[in-house]
Each structure stands twice: as C-alpha cells, then as structure tokens.
Amino acid sequence: MQILFEFQENLLRPIKNDFRRYLHNQINWKQRMIGIKGPRGAGKTTLMLQYLKYDLGLPPEALYITADHTWFYNHTLLDTANDWYKQGGKILFIDEVHKYENWSVELKNIYDGLPEMQVVFSASSALDIYRGEADLSRRVVSYLLAGLSFREYLAFIHGVSFNAFKIEDINNNHRSLSRMITEGFHPLPAFRKYLEVGYLPIIVEGEDTYLMKLNQVINTIVDIDLAYIVSYNSGTAIKVKKLLGVIAESVPFKPNIAALARKLDLSRDSVYQYIYQLQDARLLNTLSSEGKGVSTLQKPDKIFLENTNLAFALKEKPDIGNIRETFVLNQLLNAGLKVNSPSEGDFAISGLTIEVGGKGMNTSQVKHLDNYLIAADDIEIGAGNKVPIWLFGFLY
C-alpha cells in the first residue's frame with residue numbers, strides 16, 4: 001500500500017488552513033460513515049484533507065484514498081479497507097466513490113465487517129447514496145457541499161469575514177445588517193464579480209481561465225460522472241448537453257416539454273428524466289408550486305441554471321434579470337430552505353414572498369401581500385421591504 005501512502009502525502013503537502021467551507025462545522029465527524037456530496041470543484045477533497053491534516057493531526061491510523069486511483073485496477077475497495085485495518089487503520093477517507101463500480105455493496109461490507117473503522121467518502125452530487133445496490137440508508141449520514149456563497153467568496157478572495165444570517169434576520173433586520181457590512185466595505189463590485197466567476201473555489205486559480213475550466217467541469221459531469229452513475233453513453237451525453245444548452249438560452253422559463261422533446265428528438269419521458277438528472281448533478285434548479293409533489297415524470301413550473309456562473313459559461317451575454325433570479329434561488333436552496341413558485345412574486349418561503357428586480361423595482365405585484373421582500377439590485381442599503389439582493393448571499 002506504499003503507493004497510497006505516498007499519494008496521500010503528496011496531496012496533503014499543499015493543503016492550508018486559512019479558509020474553511022461552511023459545511024465543516026455542520027458535519028458530525030463522529031459518525032461511523034459520512035458521505036459528502038457536491039458539485040465538482042466545490043471543495044470536497046480539500047474539506048476532507050483539511051480535517052485529516054488539521055483536525056485529526058495526521059494520525060497514523062487514518063488514510064486518504066481516491067476511488068479513481070490506478071491502485072483499484074487490481075485491488076478492491078473492500079480488500080484495501082481490510083488490509084488497512086490489519087495494519088492498525090481506523091479511519092478511511094475515500095474520494096470520488098462514484099467512480100468505483102460496486103461502491104454501495106463494498107461500503108456496506110466495510111461498515112458491517114469492520115465495526116471499528118470509520119469511513120468518510122465524497123461523491124458526485126448526482127449520486128443517490130440511498131438507492132445503490134446495497135441499502136446504506138441506516139448506515140451513512142449524508143451532507144451536501146454547495147458552491148461558495150457570496151459571504152464565503154468575500155472571505156476566500158477578499159479576506160473579509162462575516163457570520164451567516166438566517167432568512168428571518170434579513171426579513172426583520174436587513175437595514176442594520178447592511179449597514180454593518182458596508183461600514184468599511186463596498187460589496188457591489190465584488191458581487192458583480194461573484195455572479196460571473198465566484199461560485200467555485202477554482203476561482204483562486206485565476207479569473208481569466210475560470211469560465212473555460214467551468215465548461216470543462218460541465219463536460220466532465222455529463223461525460224464522466226453521469227456516465228458512471230446513470231450509464232450515459234456518448235450519444236446520450238450529446239443530447240443531454242443540447243438540452244442544457246437550450247435551457248441556458250432561455251432560463252428561467254416555464255418549460256414546454258413537448259416542444260423540447262421535438263427539438264431534441266427525444267421522448268417526453270427522456271426530457272423529464274434528463275432535467276431531473278441535471279438537477280441532481282447541480283447543473284439545474286427546478287421550482288414547483290407549493291403542495292405540488294416532485295417526481296421525475298412531472299413538469300416543474302420553472303427551470304433555472306443551478307448558479308449564475310453557469311449562465312456566463314453557457315451564454316455570451318446572459319440577461320441580468322435572469323441572473324438575479326438565479327442567484328436568489330441558488331442561495332435560498334443552498335441554505336436548506338424550501339422554496340416554491342408563488343402565484344404572485346418570484347419565490348415563496350413558508351409565508352414569505354420574494355420579488356426580484358433592479359433598484360427601481362415596482363412593488364405593485366406584491367405590496368398587497370402581508371409578508372414580502374423586494375430583492376433589489378444595485379443598492380448597498382435597503383429600506384422598508386426593499387433588501388439589497390447581495391444580502392441573500394449571506395444565508396450560508
């Protein structure tokens with residue numbers, strides 16, 4: 001196993017502790033089996049390596065491996081865990097577990113057969129951990145790592161740190177919160193940059209190449225991750241990319257499934273299936289009316305790109321109105337809030353209606369409602385029911 005030890009050391013060497021993702025403090029690290037899902041580039045690997053290096057202090061009984069390592073050309077995951085256990089191993093970190101064909105069966109065998117071993121694994125957000133060939137629902141505690149919030153982006157890129165707020169804080173105290181943040185900092189220029197190139201930590205590698213790398217991430221998700229998880233072939237991948245391209249041209253929009261099916265030469269069922277698979281892969285967000293169930297054969301009320309950076313990667317000049325709505329929905333969902341499509345306004349969260357627009361937004365659509373907010377762009381501090389849109393980026 002020497003090759004695995006050397007691989008771990010090479011990865012750990014450059015890992016720093018100057019920035020931690022929001023999820024780090026939410027994980028119960030004492031659980032016997034932990035699954036960390038999330039989109040490519042969100043920082044799942046760094047999260048695990050930081051915990052191994054700085055929280056655990058690189059103990060000799062902990063080992064990091066990645067499931068797409070050449071080691072697994074002629075070794076199984078279960079055999080590796082067994083060998084590690086015999087050498088005194090107690091903790092096993094497994095990256096990219098969805099790249100391993102029998103991941104669920106062997107994880108179950110490790111959990112049941114090695115009761116003194118803790119397993120922490122990462123996987124694509126498209127992976128349904130609870131519907132593998134083996135039942136892991138009673139064994140694994142799963143967490144989702146989203147892309148950077150605007151709050152995290154400020155800390156990561158600008159070194160400006162603030163605590164996260166709840167939606168109730170924004171609803172009740174947005175003016176004082178905005179004043180506190182803008183006392184020594186003007187957020188709007190950074191917010192513009194975040195919308196374009198700030199959602200994934202790969203921004204640290206350079207703004208100039210960010211959108212190119214994001215396009216590579218999109219291709220990898222469809223060509224590799226979904227190919228592993230739902231058995232896409234090359235022909236299917238091409239159709240899924242075309243569907244994503246069609247959606248990117250007009251999001252957010254109320255989908256006409258029949259028209260999409262005709263345009264892409266697909267069945268209606270395939271269009272539904274691909275939309276929800278792209279949602280699971282964190283490339284799309286869908287919105288439905290309150291009380292409406294969610295199924296893979298049900299048309300959502302609206303479809304959005306999952307984050308604003310995708311719009312800049314897939315379309316040359318995305319519409320600013322679409323960007324605003326995409327941002328607000330993304331931050332609300334990533335904060336764990338249940339969001340519905342209301343009859344009036346853009347988004348509804350348990351009695352609170354949110355209307356999104358520019359600083360001169362007309363409130364006629366929602367001012368008669370009992371509880372509403374206007375998420376307004378191009379302002380630093382709001383008044384009354386008008387809230388700076390960037391403040392929704394402080395929800396996680």
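Up top you'll find the structure we're talking about.
These lines cover the structure that appears in this document, whether it is placed above or below. Being a predicted model, the structure only gives us computed values, none of them experimental.

As for the sheet that holds strand S3 (residues 91-95)
Here we have 5 strands laid out as an open sheet, ordered S2-S3-S4-S1-S5, and parallel in their pairing. Both edges of this open sheet fall to strand S2 (62-66) and strand S5 (141-144), since each of them pairs with a single strand only. Ignoring strand direction, the axes of neighbouring strands in this sheet form an average angle of 15°. Here 4 bridges tie strand S1 (residues 33-38) to S5, and the two strands are oriented parallel to one another. Note that in S5 the partner of Ile 34 across the bridge is Val 141. This element, helix H2 (residues 44-55), spans S1, S2, S3 and strand S4 (118-124) of the sheet and lies at about 160° to S3.

Describing the nonpolar core
If you look at the biggest cluster of nonpolar residues, it comprises 102 residues, and the most contacted ones within it are Ile 36, Val 328, Leu 332, Phe 347, Ile 354 and Phe 392. By size, the runner-up hydrophobic cluster in this structure holds 27 residues, among which are Leu 92, Tyr 100, Leu 107 and Val 140.

Examining the sheet that holds strand S9 (residues 352-357)
Spatially, the 4 strands line up as an open sheet ordered S8-S9-S10-S11, and their pairing is mixed. The open sheet terminates on both sides in strands that have one partner only, identified here as strand S8 (347-349) and strand S11 (386-388). Here the strands of the sheet are splayed against their neighbours by 30° on average, with no regard to which way each runs. Examined bridge by bridge, S9 and strand S10 (residues 372-376) share 5 bridges and lie parallel to one another. Bridge pairing in S10 links Gly 357 to Ala 376. With respect to the sheet, helix H6 (residues 167-182) is in contact with S8, S9, S10 and S11, its orientation differing from that of S11 by roughly 75°. Running at roughly 145° to S9, helix H13 (residues 320-334) makes contact with S8, S9 and S10 of the sheet.

Thresholds, definitions, all that
- Residues numbered from 1 in each chain as written.
- Predicted model: local features only at pLDDT ≥ 70, side-chain atom pairs only at ≥ 80, totals over all residues.
- Heavy atoms only, no water.
- Pairing = 2+ DSSP bridges.
- Helix = DSSP H or I, 4+ residues; strand = E, 2+ residues; numbered from the N terminus.
- Axes fitted to C-alpha atoms, helices over the stretch in contact; angles between N-to-C directions.
- Contact = heavy atoms within 4.5 Å.
- Core = buried A, V, L, I, M, F, W, Y, C linked by side-chain atoms within 4.5 Å.
- Buried < 20%, exposed > 50% of the residue type's maximum accessible area, 1.4 Å probe, protein only.

These values are about where atoms sit, not about what they do.
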